[in-house]
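# Structure at a glance
Single-letter residue listing:
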Amino acid sequence: EAVLLCSRDVDGDVVGCVGMEVATFDGREQIAEGAYTENELELRPVVANLAVGQEQRRQGLARELMEECEAVARCREWGYEEILLFVEDQNGRAKKLYGKLGYRKAWVQKNAPAVKIVDDRVKEVPVKLLCMRKSLKPGLAGFFGL
């Protein structure tokens, strides 16, 4: 299961987007589909690559896209009770936004591989990733992340 959500302006141009897919986890480790493990695996929806155009920022578009991801993850077809995302620990703006939306720190992944442009070249570099989760359960159980 995967979805790409886009927001368009009045001219039809994409001004924001976010992806979400259901990933397989062995505890806290996301594993490749079909990988062998003796442990019990868990499927979880993971938000990825939230992006909003520079001119459209601070207008609530990121919030709307995240709320739509949550609605899809919670819907009858998907039926999940929590949603995850990964954000670089140094990305203070994104962490602040996600915190306001009810996401809480679940765990930290040190030395996670990330693709970045370094010295005008595309390189894989290690980064510190923060996994954040949000309960999608209704009522107080969801509010308290139970």
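I will try to describe carefully the structure that is included in this document.

Definitions and cut-offs
Residues numbered from 1 in each chain as written. Predicted model: local features only at pLDDT ≥ 70, side-chain atom pairs only at ≥ 80, totals over all residues. Heavy atoms only, no water. Helix = DSSP H or I, 4+ residues; strand = E, 2+ residues; numbered from the N terminus. Rg over C-alpha atoms; globule rule 2.2 N^0.38 Å. Buried < 20%, exposed > 50% of the residue type's maximum accessible area, 1.4 Å probe, protein only. Contact = heavy atoms within 4.5 Å. Areas by Shrake-Rupley, 256 points an atom, 1.4 Å probe, with all protein chains shown as cover. Lys, Arg positive; Asp, Glu negative; His and termini not counted. Charge placed at Lys NZ, Arg CZ, Asp CG, Glu CD. Core = buried A, V, L, I, M, F, W, Y, C linked by side-chain atoms within 4.5 Å. Pairing = 2+ DSSP bridges. 1 Å grid on protein atoms, 1.4 Å probe; cavity = no way out; pocket = protein on both sides within 12 Å on 5 of 7 lines; lining within 4 Å. Points joined across faces, edges and corners; volume = space filled by probe spheres on them. Nonpolar A, V, L, I, M, F, W, Y, C, P; charged D, E, K, R; others polar. Salt bridge = Lys/Arg side-chain N within 4 Å of Asp/Glu carboxyl O.

### Digging into the overall build of the protein
Across its full length, the protein carries 3 helices and 7 strands. What you see in the protein, going N to C, is helices and strands ordered as β-β-β-β-α-β-α-β-β-α. Since a compact globule built from 146 residues should have a radius of gyration of about 15 Å, the 16 Å found for the protein is in line with a globular shape. Projected onto the principal axes, the alpha-carbon positions of the protein cover approximately 50 × 45 × 25 Å. Counting the 146 residues in the protein, one finds 34% classified as buried. Partitioning the intrachain contacts of the protein with sequence separation of at least 6 by distance along the chain shows that 54% fall at a separation of at least 24. Total accessible area computed for the protein in this model is approximately 10,000 Å², and 47% of it derives from carbon and sulfur atoms. Within the protein, the 24 negative side-chain charges are centred at a point lying 9 Å from the centre of the 22 positive side-chain charges.

### Concerning the nonpolar core
Among soluble globular proteins, nonpolar side chains are generally buried collectively. One finds Met 20, Val 47, Ile 83, Leu 85, Tyr 98 and Tyr 103 to be the most contacted residues of the largest nonpolar core, which totals 26 residues. Counting residues per element, the ones that place at least two in this core are strand 2 (14–26), strand 4 (42–52), helix 1 (61–74), strand 5 (82–88), helix 2 (92–100) and strand 7 (121–135). No other element matches the 7 residues that helix 1 contributes to this core. Those residues in contact with Leu 85, other than ones at most four positions away along the chain, are Val 46, Val 47, Met 66, Tyr 98, Tyr 103, Leu 130, Cys 131 and Met 132. In this structure, Ala 23, Phe 25, Val 46 and Cys 131 belong to the second largest nonpolar core, which totals 6 residues.

### Here's the deal with the pairing of strand 2
Judged by how many residues are buried, strand 2 sits mostly within the fold: 10 of 13 residues are covered. By the bridge criterion, 7 bridges tie strand 1 (residues 2–8) to strand 2 in an arrangement that is antiparallel. Its bridge partner lying in strand 2, Leu 5 is registered against Val 18. What sits between the antiparallel neighbours strand 1 and strand 2 is a turn of 5 residues, in which Gly 12 has the positive phi angle 90 degrees. One ladder, built from 9 bridges, connects strand 2 with strand 4; its direction is antiparallel. Residue Thr 24 lies in a different strand from strand 4, and its bridge partner there is Leu 43. Relative to strand 3 (residues 29–31), strand 2 runs antiparallel, the two being bridged by 3 bridges. Looking at the pairing, Phe 25 lines up with Gln 30 of strand 3. Taken together, strand 2 and the strand that follows it, strand 3, pair antiparallel across an intervening segment of 2 residues, in which Gly 27 is found at a positive phi of about 70 degrees.

### Quick look at the layout of surface pockets
To find leftover empty space, one rolls a probe the size of a water molecule over the atoms. By volume, the largest pocket amounts to about 1,400 Å³. Around the largest pocket, the lining is made up of 41 residues, and of these Leu 50, Asn 91, Ala 94, Leu 97 and Tyr 98 lie nearest the centre. For the lining of the largest pocket, the elements supplying multiple residues, two or more each, are strand 2, strand 3, strand 4, helix 1, strand 5, helix 2, strand 6 (104–118) and strand 7. Counting residues per element, the lining of the largest pocket draws most heavily on strand 4, which supplies 7 residues. Residue composition of the lining of the largest pocket, by class: 22 nonpolar, 9 polar and 10 charged.

### So, the pattern of salt bridges
Side chains bearing opposite charge may pair, as long as their charged atoms lie close to each other. Tallied over the entire structure, the rule returns 8 salt bridges. Of the charged contacts, one joins Lys 134 and Glu 70 as a salt bridge, the two residues approaching to 3.0 Å between their closest N and O atoms. In this pair, Lys 134 is assigned in strand 7 and Glu 70 in helix 1, connecting sequence segments 64 residues apart. Since its relative accessible area comes to 18%, Lys 134 is described here as buried. Judged by relative accessible area, which is 6%, Glu 70 ranks as buried. Residue Asp 89 is joined to Lys 128 by a salt bridge in which the shortest nitrogen-to-oxygen separation is 3.7 Å. Of this pair, Asp 89 sits in the loop between strand 5 and helix 2 while Lys 128 is found in strand 7, placing the two residues 39 residues apart along the sequence. Overall, the relative accessible area of 39% leaves Lys 128 in the partly exposed class. Members of the salt-bridge network, linked through shared partners, are Glu 42, Arg 44, Glu 82 and Arg 133.

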